[in-house]
Each structure stands twice: as C-alpha cells, then as structure tokens.
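So you can see what is in the structure, the chains are spelled out below.
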Amino acid sequence: MSQLTQLSDAPSFDFKEYRGLDDKVLNLRIKAVKQNLGDRLVILGHHYQQDGVIAHADLRGDSLQLSQLAGERDCDAIVFCGVHFMAETADIVSNTPEKIESRDGRRVTVMLPDMAAGCSMADMAAINQVQDAWDDIGEVIDTNDITPVTYINSAASLKAFCGRHNGIVCTSSNADRVLRWAFERTSRVLFFPDQHLGRNTALAMGIEDSQMPVWNPYDDDLGGNSVQQMKDSRVILWKGHCSVHQMFKPEHVHDFRDKHPGIKILVHPECPREVNDIADISGSTGKILKTVQEAPAGTKWAIGTELHLVNRLKQEHPEQEIHFLSPVMCMCATMYRIDLAHLCWTLENLAAGTPVNVVRVDEETSRWSDVALQRMLDLG
Ligand code: 13P
Ligand code: SF4
C-alpha cells in the first residue's frame, strides 16, 4: 500500500470554491475521490452526522465502535466525519509507535473536514482545571485512592492525564464496565467532563447521590464542596454537560406516555438523571440503534438523543412508530458543521497530496492518552 504523500503545505483547493456547489455535483466528486483512493482511504462517520454525509461513510458507529475501527483499519488516511475529540482519538490509536514501526514509519493521516466541529461538553473541562482540581482534592483526600475517568468526549490532554494517573477513558457504551474496573483499584473516582453520564452510571451501580459531589471548576473553594463531602465521596462529578441532551425534560416523557399508551422511552445516558431514571431504556447511540433494529414491527418509541440519528431511524424503520422525545429541535450544531462541501474539499485536497485539517496529537500527549484508551479497549 503506497502512502499518500504531502506535496506542499498550501492546500491545492480553496474552500471558497466549494461553497454553494450543488449536492449532486459534490456527491459525484466525493465518489470519484473515494474510487481513486480505494482502500487507502477510510471515511468514518458518527451516528449523529447528517444523512448526506453518512451516506459516504465506509464505516459508521458510536464513539466506542469508531475508536476500535480506527485502531484496526490498515489505511493511509482517515477522514473523520464527527467532532474534534473523535479525530484526535483516531490519530492516537492509529499512530502508536508500534503501529508506525510495523508500517515502516508510515503514519495514518487523520483529517476532520471542519476544524470548528468541536464538542461543547469536551470544552467544559480544560487540562489546567483538571490538574488544579486534582491538586485541591489532594489537600483533603488521598489521590492515590482516586481513579480519574474521562469520558471519551474530552481533549487528548485529559486522556493523557488519566494515562499518567492510573486512570482510564470510557464511552457511553462501557461506562459501567469502566467504573467497575476503577472500583477494583480505588475506592473513589473523579469523573469528567459529563456529570450526567457519571451520575446515571453510578446510580445504576447502587452508589448514592449523596456520595457524588459535583465539582465546579469555577469555584475556588473545593469546587463548591465541603471537606466532609469530599471525604464521603465515591464519585466526584465534574460540572459539565451536553447542551443537546440536557434539553430533554421529564415532562416530555410524561406527555408521550399520556398521549401514546404503551410507548417506550429510549434515551442517551447524557440526559439528566430526571429523564434517565424514568426512561425504559438508556444507552449509547449504538445501543439505541440496535434496540430499535431488533424491536418487533409496531413498537412505539420516543427517543431522546440527537435529531439526525432519530430522523434516520424513522426513515429506516417505517414498520415502527418513532418520535423525537422533545418538542424543540435538539441537534448537535458542531456535528452538523460537517457537510458535503467540507467533505469534498477535504477529499480533493487529500487526493492532490495537500491534506487539510490534519489532526495530529503531539507525541507525549498521544503516548499517555493511548495508555488510558488501551485500558478501556482491553475491557472489550
Ligand atoms: P456515543 O458514545 O453514543 O457515540 O455518543 C457520543 C456523543 O457525543 C453523544 O453526545
Ligand atoms: Fe458533544 Fe453533545 Fe454534540 Fe455529543 S451531542 S458531540 S456531547 S455537544
């Protein structure tokens, strides 16, 4: 397999030339690049991507599946249709020193079609805040007895922090397994950045709400907690959330149950506790998909997760009755930044030997992030 080489730093094509192009034209041009590059290129697509983009993905999945796939595929280039932390993860797992050596020094080039496709939740925890929290907590309890756990929706620097401090990464599909792993080693966990995933998972394991103080990184006084709360803690939750999933409310669940007897409520665990507790099923985007795929015809669902995935499920399963759980549109604006124009621009520059929007994590951060990611991937 020959490597796609970078011929120059300047892109061959300016994005301005792609704005306003017709979708039909963009689709044809994307297909042409895919055909030309063959299996040297892999396009990964997260379930929240818009339909037009997901149609071009070679592989689609939830965060866990995509990080596994990125590590397994032998290719020269990955174009990640998702958000920034996902592309970083793909760079880390596909470019470990061992993998690069086994390819005779060849790196996999990972690209994110629009660098503005970030994750507002991931932005709620910065490495200096996490480091400060760790130091402050260490003033009142022994940090050797705390496992730091970062949700995969976080910057690589936070994953590296977990790697260095005997910690681990989790996704929404393995958070319970990861917490069990952590509790086999220490009696406490610091969980960031999503308080809801941390709380929902720990509650299901029987941990009391009173043992889960919330750490506010903007409160200099023990994150807004007393010394006693820290001493009584089992899971210290970071004050972060997903702006999309926090839009789902308990009254939406009650409304659907009143108006559609027999309906099942299916939500993502990034939803607040008040919603998660009263849902019938809670799970990652992968689990949501599988649950609907396996349900008998005629099943009624109200689904609480990102709009594009719910709309796709509606189209793909006309034999079931599928509703969006909220009356207001909850879509991930950053996921939506990846569109056909950005995808086509990225692919054509790649094919021309001038890759754009390359996501590359520095060596040291990558090494320690991979330690924490591998601990998770080893759990299966
Ligand atoms: P999944 O782990 O279900 O892929 O979720 C990722 C995500 O960003 C949800 O908001
Ligand atoms: Fe981040 Fe929420 Fe978007 Fe997922 S849905 S990428 S957590 S902002």
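Note: the structure precedes this text.
Counting of residues starts from 1 at the beginning of each chain's written sequence and follows it residue by residue. Working convention: letters from A go to chains and numbers from 1 go to ligands, in the order in which they are written. Local features are withheld for residues below a pLDDT of 70 in this predicted model, meaning they are given only at 70 or higher, and side-chain atom pairs are given and counted only at 80 or more; totals for whole chains, interfaces and linings count all residues. Where side-chain values are given, they derive from all heavy atoms of the structure, hydrogens and water being excluded.

**A word on the site of ligand 1**
Then, in step 1: The rule for a residue being near a molecule or strand is that one of its heavy atoms must lie within 4 Å of it. In the vicinity of ligand 1, the residues found are His46, Tyr48, Asp62, Ser63, Tyr151, Asn153, Ser172, His245, His268, Glu270, Ser284 and Thr285.
Then, in step 2: In the model, an oxygen atom of ligand 1 is placed 2.7 Å from a nitrogen or oxygen of the His46 side chain.
Then, in step 3: A 3.5 Å cut-off defines polar contacts: any pair of N or O atoms within that distance qualifies, except that in protein one atom must be a possible hydrogen donor and the other a possible acceptor, and neighbouring residues in sequence count only when both atoms are side-chain atoms. At a separation of 2.9 Å, an oxygen atom of ligand 1 approaches a polar side-chain atom of His268.
Then, in step 4: When the residues that make up the shell around ligand 1 are grouped by side-chain class, the tally is two nonpolar, eight polar and two charged. Under the scheme applied here, ten amino acids are nonpolar (Ala, Val, Leu, Ile, Met, Phe, Trp, Tyr, Cys and Pro), four are charged (Asp, Glu, Lys and Arg), and all others, including Gly, are polar.

**What about the packing of helix H3 (residues 63-72) against helix H4 (residues 84-94)?**
Then, in step 1: Axis lines are fitted through C-alpha atoms, for helices just across the contact stretch, and the angle between N-to-C directions can take any value from 0 to 180 degrees. Elements are defined by DSSP. Helices are runs of H or I of four residues or more, strands are runs of E of two residues or more, and each kind is numbered from the N terminus. As a packed pair, H3 and H4 sit with axes 8 Å apart at the nearest point and diverge in direction by 35°. Here H3 runs over H4; the crossing is right-handed. Here H3 contributes Ser63, Ser67, Ala70 and Gly71 to the contact with H4, which in turn contributes Met86, Thr89, Ala90, Val93 and Ser94.
Then, in step 2: For the contact of H3 with H4, the per-class residue count stands at four nonpolar, five polar and no charged. Throughout, a crossing is termed right-handed when the near helix is turned clockwise from the far one, and left-handed when it is turned anticlockwise from it by less than a right angle. Here, two residues are considered to be in contact whenever any of their heavy atoms come within 4.5 Å of each other.

**Observations regarding the sheet that holds strand S9 (residues 235-238)**
Then, in step 1: Strand pairing requires that DSSP identify at least two bridges connecting the strands. The sheet built from five strands is open, its strands ordered S6-S5-S7-S9-S8 with parallel pairing. Strands at the two margins of the open sheet, each flanked by one partner only, are strand S6 (168-170) and strand S8 (214-215).
Then, in step 2: Bridge count between S8 and S9: two bridges; the pairing is parallel. Pairing of Trp215 across the sheet is with Trp238, part of S9.
Then, in step 3: In the packing of helix H8 (residues 175-185) onto the sheet, the strands contacted are strand S5 (146-151), S6, strand S7 (188-192) and S9, and the crossing angle to S5 comes to about 165°.

**Some words on the environment of Asp145**
Then, in step 1: If you trace the backbone, Asp145 turns up in the loop between helix H6 (127-138) and S5.
Then, in step 2: Residues Asp145 and Glu348, spaced 203 residues apart in sequence, show a C-alpha to C-alpha distance of 50 Å.
Then, in step 3: Among all residues touching Asp145, those that are not within four sequence positions of it are Thr186, Ser187 and Arg188.

So far we have only geometry, and geometry alone does not tell us how the molecule works.
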